[in-house]
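Observations on the model geometry
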Amino acid sequence: MLARFFMTLGLQIQVVLLGWHAYEVSGSALSLAWIGLSEAIPCISVALFAGDFADRYSQKKMVLISNFIVFCTALAFAHTDNL
């Protein structure tokens, strides 16, 4: 439960920092809207198939794979020079 808390906290920190950086670079609230839309559309479209996928495959493997993907994107954000 503690690991899930820190995973959620880290994801929320990434989302806030991405929005903050986009607003700082562009100075436009519209850029924040585009970021929100780019986060919402994949979530909504994947949610349609997620229930069926969760019933067919191991939830442990899905959590490990998704956490690995999040970890890799966090590393990619950490190694960018312009943030």
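Structure: above.
The following refers to the structure shown.

Procedures and definitions
Position labels on residues start from 1 in each chain and follow its written sequence. Thresholds applied to this predicted model are a pLDDT of at least 70 for local features of residues and 80 or more for the giving and counting of side-chain atom pairs; totals over whole chains, interfaces and linings are not thresholded and use all residues. Hydrogens and water molecules were not included; the side-chain quantities draw on all heavy atoms of the structure. A run of H or I in DSSP counts as a helix once it spans at least four residues, and a run of E counts as a strand once it spans at least two, with each numbered from the N terminus. Radius of gyration: C-alpha atoms only; globule rule: 2.2 Å multiplied by the number of residues to the exponent 0.38. Burial classes follow relative accessibility: with a 1.4 Å probe on protein chains only, a residue under 20% of its type's maximum area counts as buried, one over 50% as exposed, and anything between as partly exposed. Accessible areas in this description were obtained via Shrake-Rupley with a 1.4 Å probe; residue shielding takes into account the shown protein chains only. The sign given to each residue is positive for Lys and Arg and negative for Asp and Glu; His and the chain ends receive no count. Just so you know, the charge point we use is NZ for Lys, CZ for Arg, CG for Asp and CD for Glu. Each Phe, Tyr or Trp ring (for Trp, its six-membered ring) is paired with any other whose centre lies within 6.5 Å, and the angle between the two planes then decides the class: stacked below 30 degrees, edge-to-face above 60, tilted in between. Structural elements are reduced to axes, namely lines fitted to C-alpha atoms, with helices fitted over the stretch in contact, and the angle between N-to-C directions of any two is expressed from 0 to 180 degrees. Angles are sorted into four bins: roughly parallel if under 35 degrees, roughly antiparallel if over 145, roughly perpendicular if 65 to 115, and oblique for all others. Left-handed is the label given to a crossing in which the near helix is rotated counterclockwise from the far helix by less than a right angle, and right-handed is the label when the rotation is clockwise. Contacts are assigned to residue pairs with any non-hydrogen atoms lying within 4.5 Å of each other. Gly is placed with the polar residues, together with every amino acid not listed as nonpolar (Ala, Val, Leu, Ile, Met, Phe, Trp, Tyr, Cys and Pro) or charged (Asp, Glu, Lys and Arg).

With that settled, the discussion passes to the overall build of the chain. Helix and strand content of the chain: three helices and zero strands. Taking 83 residues into account, the globule formula puts the C-alpha radius of gyration at 12 Å, and the chain, at 15 Å, lies well above it. Along the first, second and third principal axes, the C-alpha set of the chain runs to 45 × 25 × 20 Å. Evaluated residue by residue, the chain yields a buried proportion of 5% over its 83 residues. Counting every atom, the chain has about 7,100 Å² of accessible surface; 74% of that belongs to carbon and sulfur. Of note, the chain has its 4 positive side-chain charges centred 19 Å away from the centre of its 5 negative side-chain charges.

Glancing now at the packing of aromatic side chains. Summed over the entire model, instances satisfying the criterion amount to two aromatic pairs. Each ring, one from Phe 5 and one from Phe 6, has its centre 5.2 Å from the other, and the planes form 70°; the classification is edge-to-face. Ring plane angle 45° and centroid distance 4.5 Å describe the contact between Phe 53 and Tyr 57, whose orientation is recorded as tilted. Of the residues examined, Tyr 57 reaches a relative accessible area of 46% and is grouped as partly exposed.

Here we take up the packing of helix H1 (residues 2-26) against helix H3 (residues 59-78). Look at H1 against H3: their axes get within 12 Å of each other, and the N-to-C directions meet at 40°. Compared by their axis directions, H1 and H3 come out oblique. Judged by the sense of rotation from one axis to the other, the crossing of H1 with H3 is left-handed. Residues Met 7, Leu 11 and Gln 14 of H1 form the contact with H3, whose participating residues are Asn 67, Val 70, Thr 73, Ala 74 and Phe 77. Looking at side-chain class alone, the contact of H1 with H3 contains five nonpolar, three polar and no charged residues.

Any functional reading would require information beyond the geometric quantities listed.
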